[in-house]
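# Residue-level structure breakdown
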Amino acid sequence: MARADPRTDELLGDAERPYDVRPERLYIRDDLMAGWHRGADHSKTLDGRIYAYVRAHGGRAPDMDEGLAQRTHDHFVDVALAAFLMRTGRPVVGIMGGSSTVAADPNYRRVVRLTAELTRRGYLIVGGGGLGIMEAANLGAYLADRSDADREGAVDALAAAPPYAEDGAAYIGAEVDIRERFAPGGESLAIPTWVNAGEPISQFASHIAKYFSNSIREDGLLAVATAGIVFAPGGAGTMQEIFQDAAQNADRAFGRSPMAFLDAHHYCVETGLYPALERQAQRLGFMDLLSVSDEPEQILERFPAGAAPPELDGMAPEMLVRRMRNAR
């Protein structure tokens with residue numbers, strides 16, 4: 001862990017600031033859910049109170065003191081994330097997709113099946129830490145050691161609950177019921193941001209690297225997924241991640257890793273993103289990394305069991321952070 005810098009000591013003096021400027025480890029679900037009780041919505045959690053504090057102190061354009069506090073916090077999260085990745089030593093697969101995908105959507109269920117099997121094969125799943133496909137990614141990892149029936153039942157329960165957009169308190173309650181029923185659950189990582197106003201954390205991630213800066217968060221999310229990324233259907237944010245990951249593969253910023261796309265109709269017909277990416281991949285030399293499929297079993301061919309963990313060469317967490325942030 002990075003040593004405390006006395007120049008940041010004065011940032012700790014704000015008694016109203018609800019977050020630790022120098023976190024010593026990654027968050028866990030219970031940290032950010034502090035203050036929640038059944039029937040309450042997200043605003044009652046520590047996570048929700050941090051959103052409110054950020055909004056009241058300039059939002060995306062904080063004043064100098066708040067901006068310095070947020071950037072200091074994000075640096076310490078970087079170091080904690082690097083330490084966690086070194087400690088687990090597992091190959092990391094990223095799952096990207098829309099935050100508005102509901103549990104009743106077939107792709108939500110497919111992602112749960114996919115990440116459960118990837119977890120059993122030894123991969124560490126990382127997602128964006130919110131709702132939709134991000135939640136499905138962590139849920140599959142959480143239930144990796146459970147039966148197919150248990151996983152299907154969990155998705156059915158979430159699909160039967162009121163959608164979060166309609167009744168946030170009821171949906172969180174349904175998530176918590178599943179979490180408690182199958183605790184302690186499998187390990188996975190979430191990397192969310194406080195930029196997305198009011199978005200709740202994934203209830204099923206075991207470790208959470210939450211950032212204030214979305215650009216730092218996005219870059220790190222893609223950088224750590226060195227074993228490859230699966231892209232489920234999503235919106236503008238997912239499109240950005242696709243081409244950012246493509247640029248990393250073209251530049252070999254973090255080596256070369258698969259880009260697997262779930263739902264051929266969405267990517268090849270509805271959006272045309274896959275054919276557009278194919279043209280660039282042919283030109284830039286990473287066509288062999290692309291694949292598009294409709295079912296998890298086809299995507300799993302890209303991710304064999306026993307894949308090698310990332311080569312960290314025994315570097316300290318601070319050095320791993322520098323490699324993540326300065327690889328270009």
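Report on the accompanying structure.

Calculation notes
- Residues numbered from 1 in each chain as written.
- Predicted model: local features only at pLDDT ≥ 70, side-chain atom pairs only at ≥ 80, totals over all residues.
- Heavy atoms only, no water.
- Helix = DSSP H or I, 4+ residues; strand = E, 2+ residues; numbered from the N terminus.
- Axes fitted to C-alpha atoms, helices over the stretch in contact; angles between N-to-C directions.
- Parallel < 35°, antiparallel > 145°, perpendicular 65-115°, else oblique.
- Left-handed = near helix turned anticlockwise from the far one by under 90°.
- Contact = heavy atoms within 4.5 Å.
- Nonpolar A, V, L, I, M, F, W, Y, C, P; charged D, E, K, R; others polar.
- Salt bridge = Lys/Arg side-chain N within 4 Å of Asp/Glu carboxyl O.
- Pairing = 2+ DSSP bridges.
- Core = buried A, V, L, I, M, F, W, Y, C linked by side-chain atoms within 4.5 Å.
- Buried < 20%, exposed > 50% of the residue type's maximum accessible area, 1.4 Å probe, protein only.
- Expected span 1.5 Å × (residues − 1).
- Arc of directions from axis to C-beta.

This brings us to unusual backbone geometry. Residues other than glycine predominantly adopt negative phi, and peptide bonds predominantly adopt the trans conformation. Omega for the bond connecting Ala-183 with Pro-184 falls within 30 degrees of zero, at 10 degrees, which places this linkage in the cis form. Within the fold, Pro-184 resides in the loop between helix H7 (168-181) and strand S3 (189-190). A positive phi angle is found at Asp-263, which is not glycine, with a value near 95 degrees.

Here helix H5 (residues 133-142) crosses H7 at 20 degrees, and the two axes come no closer than 12 Å. Looking at the two axes, H5 sits roughly parallel to H7. As for the relative orientation of H5 and H7, their crossing is left-handed in sense. Across the interface between the two elements, Glu-135, Leu-139 and Tyr-142 from H5 touch Tyr-171, Glu-175, Ile-178 and Arg-179 from H7. Considering only residue class, the contact of H5 with H7 consists of four nonpolar, no polar and three charged.

Below, the discussion takes up the pattern of salt bridges. With the rule as written, the count across this model stands at 17 salt bridges. Residue Arg-25 is joined to Asp-31 by a salt bridge in which the shortest nitrogen-to-oxygen separation is 2.7 Å. Its salt-bridge partner being Glu-187, residue Arg-90 comes within 3.0 Å of it at the nearest N-O pair. Here Glu-187 lies in the loop between H7 and S3 and Arg-90 lies in the loop between helix H3 (64-88) and strand S1 (92-96), a separation of 97 residues in the sequence. Each of Arg-110, Arg-113, Glu-295 and Glu-297 takes part in salt bridges that share partners, so that together they form one network.

Our next topic: the sheet that holds strand S5 (residues 229-231). With respect to topology, seven strands assemble into an open sheet ordered S4-S3-S2-S1-S5-S6-S7, the strand pairing being parallel. What marks the edges here is a single partner per strand, and that holds for strand S4 (207-208) and strand S7 (290-293). Judged from the four bridges that link them, strand S6 (residues 259-262) and S7 form a sheet pairing that is parallel. Within the sheet, the bridge partner assigned to Met-259 lies in S7 and is Leu-290.

Residues Val-93, Ile-95, Tyr-108, Leu-118 and Leu-139 are the most contacted members of the largest nonpolar core, which totals 35 residues. For this core, the secondary-structure elements that each account for two or more residues are S1, helix H4 (106-120), H5, helix H6 (148-160), H7 and S6. The element best represented in this core is H5, accounting for six residues. Setting aside chain neighbours within four positions, we find Leu-118 in contact with Val-93, Ile-95, Tyr-123, Ile-125, Leu-300 and Phe-303. Formed by 32 residues, the second largest nonpolar core is a distinct cluster that contains Val-92, Tyr-211, Leu-221 and Phe-261.

Over its 13 residues, H6 runs 18 Å from end to end, which matches the ideal 18 Å to within 8%, given 1.5 Å per residue. Those residues of H6 that fall on the buried side of the exposure criterion are Arg-151, Ala-154, Val-155 and Leu-158. The arc enclosing the buried residues of H6, seen along the axis, measures out at 95 degrees, which places them on a common side. In H6, those exposed residues whose orientation departs by more than 90 degrees from the buried face are Ala-149 and Ala-160. Where the residues of H6 are buried, they touch H4, H5 and H7.

Relative to the helices and strands, Glu-218 resides in helix H8 (residues 214-224). On the basis of relative accessibility, which here comes to 7%, the residue Glu-218 falls in the buried class. In this structure, Glu-218 is in contact with Gln-240, Glu-241 and Gln-244, ignoring residues within four places of it in sequence.

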